[in-house]
Amino acid sequence: MDVNAAVAAVAAIAGVLTGVIAMLAFRWSEREQKRPTRSSLHTDAVLPPGVDTVLSVLRSSAVVLDEADAVVKASSAAYALGLVRGGKLAVEPMLQMARDTRRDGEIRQVELDLPRRGTGRGEALAVSARVAPLGSRLVLLLVEDLTEARRIEAVRRDFVANVSHELKTPVGALSLLSEAVMDASDDPEAVERFAGRMQIEATRLTSLVQELIDLSRVQNDDPLEDAEPVRVDELVAEAVDRCRHQAGAKQITMAAGGAADLRVWGNRGQLAAALGNLVENAVNYSPARTRVGIAARSVNAPGGDHIEIAVTDQGIGISDKDKERIFERFYRVDPARSRATGGTGLGLAIVKHVAASHGGEVTVWSAEGQGSTFTLRLPEAGAARDRAHQQSARETRAGGAGLDVEAGRATPESPESNAYETLPAPEVLP
């Protein structure tokens, strides 16, 4: 009995000791979990209250540096721009700015061109960097990406310069011709000749101003506000009638064909202007006694049926390097030839904007010496109307306004898209 009592006492003492040890171990574990680690000391723990929340909502890339130039906090945009690598600020000019600001407490700002990470091309990333002290030990760096803003500003400057140049040419010609008319007032033949040249320059100036107005209108207006089903054959007939005189002067045969009774959904005036520009270009850049064809067809596509209107010419063709830029404003494949034909360089830019605003695109296939085929691809009336109504209903429920239409991009078209090979034989028009 004494032996059993001794064993029980020893077991009880062992159980108590085990419990005490377990409790001490649990308390020690809790204390270790609450103790700040080295990594936490360099993140949220050292930031002033509320700074982390403010940095998370800034549009600019944000980086916070400590007294040892280590990155305490960095936004995801800062990593995406390649500003932070391996826990360090990777841009030396910004790092030097941070050190200077930490030393004297002054706010500094500078614009830099940084190499774009991950591209073999020498493209620069334009940024604006601003450094300010954050408390007594930290420095805040805010970086704004200016690349897109600079690109838009460059486009705007080029546009203004091109408009000024294009307006200056006919205005200067009119001024000189008017002086010539005054000097030749006693020579009826010279007056008639100079007056004819004045009329040509005045017509060119009027055309340029009108195309500038048209381009501004298609960029600012929503064509689907007053959209309606538009018959494709009526658009083709209007485009042919618009260019009938120029084609007759060059003995160019104009042919229209393709599927009948096709309809697209959109603004009739803008669609007629776009197709008319394509046909007019085909006539102007085709040699005499050749043929220009316009043909339409319906194409099944995953996103809905589309209508393709192809305009084919037998002209000089377009080189590969020029095909990438022909839809830019004022860009001309052959400036000397464009001046002879009276082109302004805005026609294809208008076509591109009209196609994009209607949810379509314009593409081109061309080979030098073999002619060109421009294809205007637009959603068919029924499918486009249904999508427009569904989008309008969604925006009404969400409190939004307007349709979000993705801009089309010009891509090379295969030779099989030639109107004369894929569509029924065209009808020759006088």
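The coordinates are above.
Just so we're clear, the structure is a prediction, and the values are computed from it rather than from any experiment.

Caption draft 1: Examining the packing of helix H8 (residues 232-242) against helix H10 (residues 268-284) more closely. Where H8 meets H10, the closest approach of the two axes is 9 Å, and the angle between their N-to-C directions is 50 degrees. Classified by the angle their axes make, H8 and H10 are oblique. Considering the relative orientation of H8 and H10, their crossing is right-handed. Seen from H8, the contacting residues are Glu234, Leu235, Val236, Glu238, Ala239 and Arg242; seen from H10, they are Arg268, Leu271, Ala272, Ala273, Leu275, Gly276, Asn277, Val279 and Glu280.

Caption draft 2: Just the environment of arginine 231, in detail. Examined against the element boundaries, arginine 231 turns out to sit in strand E8 (residues 228-231). For arginine 231, a relative accessible area of 24% translates into the label partly exposed. Sequence separation between arginine 231 and arginine 263 is 32 residues; the distance between their C-alpha atoms is 4.5 Å.

Caption draft 3: Spotlight on the packing of aromatic side chains. Per the counting criterion, the structure on display carries one aromatic pair. When the centroid spacing of 6.4 Å and the interplanar angle of 75 degrees are considered together, the rings of phenylalanine 327 and phenylalanine 374 count as edge-to-face. Of the two residues, phenylalanine 327 is situated in the loop between helix H11 (320-323) and helix H12 (335-341) and phenylalanine 374 in strand E14 (residues 371-379); the sequence distance between them amounts to 47 residues. Judged by its relative accessible area of 10%, phenylalanine 374 falls in the buried class. Taking the ring centre of phenylalanine 194 as reference, the NZ or CZ of arginine 193 above it sits at 5.1 Å.

Caption draft 4: Fine view of helix H13 (residues 347-357). Across the 11 residues of H13, nine count as buried, placing the element largely inside the fold. Of all the residues in H13, the buried ones are Gly347, Leu348, Ala349, Ile350, Val351, Val354, Ala355, Ala356 and Ser357. Positive backbone phi, at 80 degrees, marks glycine 359, one or two positions downstream of H13.

Caption draft 5: Structural detail: the environment of leucine 262. Its location among the elements puts leucine 262 in the loop between strand E9 (253-258) and strand E10 (263-266). On a C-alpha basis, the gap between leucine 262 and glutamate 308 in space is 10.0 Å, while along the polypeptide they are 46 residues apart. Those residues within four positions of leucine 262 in sequence are excluded, and the remaining contacts are Val230, Arg231, Val232, Ala296, Arg297, Ser298 and Ile307.

Caption draft 6: Unusual backbone geometry, seen in detail. Unlike most non-glycine residues, aspartate 69 shows phi in positive territory, near 65 degrees. Considering the arrangement of structural elements, one finds aspartate 69 in the loop between strand E1 (61-65) and strand E2 (71-74). For aspartate 261, which is not glycine, the phi dihedral falls at a positive 60 degrees. With respect to the element layout, aspartate 261 can be found in the loop between E9 and E10. The class for aspartate 261 is partly exposed, based on a relative accessible area of 47%.

Caption draft 7: Structural view of the side chain of threonine 312. Within the element layout of this structure, threonine 312 appears in strand E12 (residues 306-312). Of the polar contacts made by the side chain of threonine 312, one reaches the side chain of threonine 373; its length is 3.1 Å.

Caption draft 8: Geometry of the packing of H10 against H13. Packing of H10 against H13 brings their axes to within 9 Å, and their N-to-C directions diverge by 140 degrees. Every pair of crossing elements has a handedness; the one defined by H10 and H13 is left-handed. Where H10 approaches H13, its residues Gln270, Leu271, Ala274, Asn277, Leu278 and Asn281 are matched on the opposing element by Gly347, Leu348, Ile350, Val351, Val354 and Ser357. Partitioned by chemical class, the residues of the contact of H10 with H13 number seven nonpolar, five polar and no charged.

Caption draft 9: Region of interest: the sheet that holds E2. Read from one edge to the other, the open sheet built from five strands follows the order E2-E1-E7-E6-E5, with strand pairing classed as antiparallel. Both edges of this open sheet fall to E2 and strand E5 (108-115), since each of them pairs with a single strand only. Pairs of neighbouring strands in the sheet enclose a mean axial angle of 25 degrees, with direction left out of account. Pairing geometry for E5 and strand E6 (residues 124-134), over eight bridges, is antiparallel. In the sheet register, arginine 108 faces E6, and the bridge partner there is valine 131. Against the sheet, helix H5 (residues 92-104) touches E1, E5, E6 and strand E7 (138-145), its axis set at about 165 degrees to E5. Along the sheet, helix H6 (residues 147-183) makes contact with E5, E6 and E7, crossing E6 at roughly 130 degrees.

What counts as what
Residues numbered from 1 in each chain as written. Predicted model: local features only at pLDDT ≥ 70, side-chain atom pairs only at ≥ 80, totals over all residues. Heavy atoms only, no water. Axes fitted to C-alpha atoms, helices over the stretch in contact; angles between N-to-C directions. Helix = DSSP H or I, 4+ residues; strand = E, 2+ residues; numbered from the N terminus. Parallel < 35°, antiparallel > 145°, perpendicular 65-115°, else oblique. Left-handed = near helix turned anticlockwise from the far one by under 90°. Contact = heavy atoms within 4.5 Å. Buried < 20%, exposed > 50% of the residue type's maximum accessible area, 1.4 Å probe, protein only. Phe/Tyr/Trp six-rings, centres within 6.5 Å; stacked < 30°, edge-to-face > 60°. Lys NZ or Arg CZ within 6 Å of the ring centre and 35° of its normal. Polar contact = N/O pair within 3.5 Å; in protein donor to acceptor, adjacent residues only side chain to side chain. Nonpolar A, V, L, I, M, F, W, Y, C, P; charged D, E, K, R; others polar. Pairing = 2+ DSSP bridges.

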